[in-house]
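Here is how the chains run, residue by residue.
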Amino acid sequence: MPNLQSFIIISLGFLILPQLTLSDSNSNHNCSKTNVSLLNFKTQFVMCQHQVRGTFTIINDCSFKVQEFDMIKGGSDIHWWGAVSDSYDNLTSGFVISHDKFNTTTYKNETFTVNLMSNVTWDDIKVVSIWEKTMAADYGHVVLKEMNESPSPTPGPSPAPPTFNFKGSEVVKIDGEPTMFDNCKKLADNYRLRWTLRVEDNVIDIGLEGAIDIQSYMAFGWADPYKEHAHMLGADVAVTSFTDKGIPFVDDYHITKYSECSINKNGDVEGVCPDTMYVDHDRDKVNNTMLVYGHRKDGVSFVRYQRPLKSIDKKYDWNIDVKKNMTCIWALGLIKSPDSVIPLYLPQKHGKTYGHVHINVSESVNECVGPLVAKNTQDQDLVIADEKEQLVVTTGPALHYPNPPNPSKVLYINKKEAPFLRVERGVPVKFSIQAGHNVAFYVTSDPLGGNATSRNLLENIYAGGPEAHGVQSRPKVIEWTPNRNIPNRVYYQSFYAQKMGWKIQVVDGGLADMYNSSVLLDDQQVEFFWTLSKTSISIAARGQKKSGYLAIGFGSGMVNCFAYVGWVDANGTGHVKSYYIDGKDPQNLHPTNENLTYARCKSEQGVITLEFTRPLDPKCDGRKRVECNNMVEPKSPLKVIWAMGAEWSAHHLSKSNMHTLTSSKPVRVSLIRGSAETEEQLRPVLAVHGFMMFLAWGMFFPFGVVAARYMKRLSGDIWFKVHVYSQWSGLTITFLGILFAVAELRGLYIGSLHVKFGILTIILGCLQPINAYLRPKKGDDGEEPLPKRKVWEFMHFYCGRCAIFSGVLAMFTGLKHLGVRYDGENVRGLLWALVVWILVGIIIVLYLEYAQKRYIKERFFGLGHWVLGDDEDEESELLSPSRIHGVNVEKLALSSETSEIQLEPLSR
């Protein structure tokens, strides 16, 4: 039994041993030290992903030692990996070299020993990598060099240092991509200072490491040693960041004022400015910082540079005393891109992320345990799919591919290298494939692509495939609409090669899905979204350019408008605040207490998006609170303007918060029908429409009615021709005016009182020619008109007059509508002109009516003979020519003759 128990224990030990993770033993005692060329070889890891950092030392032929090792936790399939070189093809075709696997935890400044597999020797390996097999991802690696190899030329730092002379003593050359230092101090939760002192070379190596956005800077330097307070003034600092193309840089700064760098009226430079701006010549002597290496990994910025301990620049630099504590200052903030005035990347105000510390660079400090972890690790460009625009797929060089190693060429979308693509479920996405016939585009569940079935793996293909290839002259267009069954994370890749594309994020809804309507505001720089409900309106606005804040306003201009400003502060928190503006200075911006709900603001790659919901009617007393007057009437156009600027603050607004970009004119947004137009676009349209309607209903139609009533005394059918031609001319002009307005306004909408009166007027006007065409014949001469004729005369008479009356009301309501749209500009004068015109017309009609009655009385009671025109022409009966003011003319004449016959016998 004891022998059986011993056998079981030994067997279990052999089964468990291969499953152990990284070993803590110092060496493998059974390994012979035969390959002395690599013995004691020591280097540091090249950081590729997951903040890998540490030193690598070969102990013997069978094992190596890792010290001060940091790594953010990764997947469950991470191995020690060997390859014959660090090229893409060799790394992806490498092999596992150790049974020791990585834990799914974060490594923090750890030391351990790793044993090679029994069938692996150093002769088989030139590169040792930390490799995730699932994503074919290289987290970090070392390149092995035999000790007796002739030294190759020292590789220059990446990128190469500037050409000016570094006056420390000389630049201390450092191989590869160095991330290790002797000391590390924690300046903030997301910001670290690392340094290595080289007194004999008069140089200090400094590394700044921050979990910040790529548009931010890291600053560190020495304060004026003769000041106990106000440490910023007179400080000698280095400012590091990355250009728009992702290239690291560092510049030597001197601070003369608590403000951003600027040139005052006298032409003097002041503020936080590079040393080179203070001098006119010998600028290479004042910029005493030398970039060694920099990178941007996993949302963490890292820049290593050198500066002299004792500088030759005595005016703008401070010497570093290695024997005592010195006050140092630091800050984080947004960096501003170069412009035409100052062609340099300049730091902006740091907000709350700044401070000072006391450091003795000779003392050993190690306050950094483990890697920095950023909240947002996605650094590559973000492309948001839009239903209206195609995504152009091409190929280009791999410069900042997010998942190394990578081939020399990768996929580009809209000229961006392997961007992070975001699509919305239910929104069609169109890809225009122009990557060449050897690159077939497809959307897959496989993170590597290259047709996973060829690797005996299952994959789901959601769009594209081997036929989805094309060139610029003949692109292949494919359309993909993500449905609810698509996973949140898929990938776009090439069907024929691995790792050319990257991730697609599938979201439930973006602005286009969340809001019912959207328009582009003036200058096509801001997109405006909205959704109406019975009592509220939900609004969103998204800029098309990078900015520090985005503002939209309701009004014809900046003055006397209600504005909503969205910005993201230095801590990454979004804000939306409402204001009333009654002037053009910062003190004229008055914060309001509008009832904004669901308010949020975010910045994606510098592009601001703000959202909020507000009631249509604030329902409060406008005499006490100005925002109570900010009502939104859905039936009336909403005037919207926009502005962008560099920065915003909830308090203490100044001229620095003024906009740098703004709309040139307001856009009138029709909330109900979902369209927009500028004032300048509609002014000529409304002017022509109004003038044509005035011609029709203020001149032609009334003149035709007057002709039919008061021109019958003229011989012939002149009155009839004038009447008919006037009415047809009026109808023609009316329809031309309607078509002109509808074509420009892109539709006919019955929302306003003006449109309702206009439609009624047109209906009544169109009934008149139909009525005239269907008129019954008159009776025989001297007889009473037939009943049908009487009904027709009544309808024709009153429909025509109602049409005129409705047309006049349409003109008045049209002018009122114009006043609402243009704030009463020139409308008051037009209203008075129309009133005077109508009064003049009424006076003329009254005079004609008086003259008509007097004429009838004179002609039928002994004063002349009245000719009604050509009785043989039936058209002369239009509008009852035989009946004037309700009197039958023929009977009236007959009765007078009868009276004369009866009077003759009496005369005898």
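In this text the structure is predicted, and so the values were computed from the model without any measurement. (Residues numbered from 1 in each chain as written. Predicted model: local features only at pLDDT ≥ 70, side-chain atom pairs only at ≥ 80, totals over all residues. Heavy atoms only, no water.)

Colleague: Looking at this model, I keep getting lost on the packing of aromatic side chains. Mind explaining?
Modeller: The way to describe two aromatic rings as a pair is by their centre distance and the angle between their planes. Throughout the structure, instances matching the rule amount to 32 aromatic pairs. Three or more aromatic residues joined by ring pairs make a cluster, and in this case those are Phe-45, Phe-56, Phe-64, Phe-69, Trp-80, Phe-102, Tyr-107, Phe-112 and Trp-122. Positioned over the ring face of Phe-181 is Arg-304, at 4.0 Å from the centre of the ring. (Phe/Tyr/Trp six-rings, centres within 6.5 Å; stacked < 30°, edge-to-face > 60°. Lys NZ or Arg CZ within 6 Å of the ring centre and 35° of its normal.)

Colleague: Is there a simple way to explain the side chain of Asn-360 in this structure?
Modeller: Along the polypeptide, Asn-360 turns up in the loop between strand 23 (354-359) and strand 24 (382-384). According to the relative accessible area criterion, Asn-360 is buried, its value standing at 10%. Ignoring anything within four residues of it in the chain, the contact list for Asn-360 reads Trp-195, Val-322, Lys-323, Lys-324 and Asn-325. (Helix = DSSP H or I, 4+ residues; strand = E, 2+ residues; numbered from the N terminus. Buried < 20%, exposed > 50% of the residue type's maximum accessible area, 1.4 Å probe, protein only. Contact = heavy atoms within 4.5 Å.)

Colleague: What exactly am I supposed to notice about the sheet that holds strand 33 (residues 489-494) here?
Modeller: Hydrogen bonds between backbone groups are what pair the strands of a sheet, and the pairing can be parallel or antiparallel. One open sheet accounts for six strands, arranged 24-28-34-33-30-31; its pairing is mixed. Two strands in the sheet have a free side with no partner beyond their single neighbour: strand 24 and strand 31 (461-464). Adjacent strand axes in the sheet meet at a mean angle of 25 degrees, parallel and antiparallel pairs treated alike. Note: strand 30 (residues 441-444) against strand 31, three bridges, orientation antiparallel. Paired with Tyr-442 across the strands is Gly-464, a residue of strand 31. (Pairing = 2+ DSSP bridges. Axes fitted to C-alpha atoms, helices over the stretch in contact; angles between N-to-C directions.)

Colleague: Explain the sheet that holds strand 25 (residues 391-397) here, please?
Modeller: Read from one edge to the other, the open sheet built from five strands follows the order 27-26-25-29-32, with strand pairing classed as mixed. What marks the edges here is a single partner per strand, and that holds for strand 27 (416-417) and strand 32 (476-480). With five bridges joining them, strand 29 (residues 429-433) and strand 32 adopt antiparallel strand pairing. In the sheet register, Ile-433 faces strand 32, and the bridge partner there is Lys-476.

Colleague: Help me understand unusual backbone geometry, please; the structure alone is not making it clear to me.
Modeller: In this model, Pro-404 is joined to Pro-405 through a cis peptide bond whose omega is 0 degrees. Looking at the element boundaries, Pro-405 is found in the loop between strand 25 and strand 26 (409-413). Even without a glycine there, the phi angle at Gln-524 is positive, about 60 degrees. Topologically, Gln-524 is positioned in the loop between strand 35 (517-520) and strand 36 (526-532). Backbone geometry places Gln-605, a non-glycine residue, at a positive phi of 55 degrees. Note on placement: Gln-605 falls in the loop between strand 42 (597-604) and strand 43 (607-615). Assessed through its relative accessible area of 24%, Gln-605 is described here as partly exposed.

Colleague: How should the pairing of strand 19 (residues 290-297) be read in this particular structure?
Modeller: Put simply, side chains in a regular strand alternate between the two faces of the sheet. Taken across its eight residues, strand 19 has seven buried, putting it largely inside the fold. Pairing geometry for strand 19 and strand 20 (residues 300-308), over seven bridges, is antiparallel. Considered in strand 20, the bridge of His-295 is made with Phe-302. A loop of two residues connects strand 19 with strand 20, the two strands running antiparallel in sequence, and Asp-298 in this loop sits at a positive phi of about 55 degrees.

Colleague: What am I meant to see in the pairing of strand 14 (residues 236-242) here?
Modeller: Counted residue by residue, strand 14 has seven buried out of seven residues, so it is predominantly covered. Side-chain alternation along strand 14 places Asp-236, Ala-238, Thr-240 and Phe-242 on one buried face and Val-237, Val-239 and Ser-241 on a second face that is also buried. As paired elements, strand 13 (residues 216-222) and strand 14 share five bridges and run antiparallel to each other. For Trp-222, the partnering residue across the bridge sits in strand 14 and is Asp-236. Looking at chain direction, strand 14 and strand 15 (residues 248-255) are connected through seven bridges and run antiparallel. Bridge pairing in strand 15 links Ala-238 to Asp-252. As consecutive antiparallel partners, strand 14 and strand 15 are separated by five residues, and within that stretch Gly-246 has a phi angle of approximately 80 degrees, a positive value.

Colleague: How do you make sense of the pattern of salt bridges when you look at a structure like this?
Modeller: Side chains carrying opposite charge are able to pair once their charged atoms draw close together. By the definition in use, this model includes 16 salt bridges. Arg-625 serves as the salt-bridge partner of Glu-627, at 2.9 Å between the closest nitrogen and oxygen. (Salt bridge = Lys/Arg side-chain N within 4 Å of Asp/Glu carboxyl O.)

Colleague: So what exactly am I meant to see when it comes to the state of the cysteines here?
Modeller: Every disulfide links exactly two cysteines, by a covalent bond between their sulfur atoms. Here the structure, examined in full by the defined rule, presents three disulfides. Sulfur-sulfur distance for the disulfide between Cys-184 and Cys-368 comes to 1.8 Å. An S-S torsion of about -80 degrees defines the bridge between Cys-184 and Cys-368 as left-handed. One end of the pair, Cys-184, is in strand 10 (residues 183-188); the other, Cys-368, is in the loop between strand 23 and strand 24, with 184 residues separating them in the sequence. For Cys-368, a relative accessible area of 6% translates into the label buried. For Cys-620, the disulfide goes to Cys-628, at an S-S distance of 1.8 Å. (Disulfide = S-S within 2.5 Å.)

Don't take any of this as a statement about function, it's just geometry.
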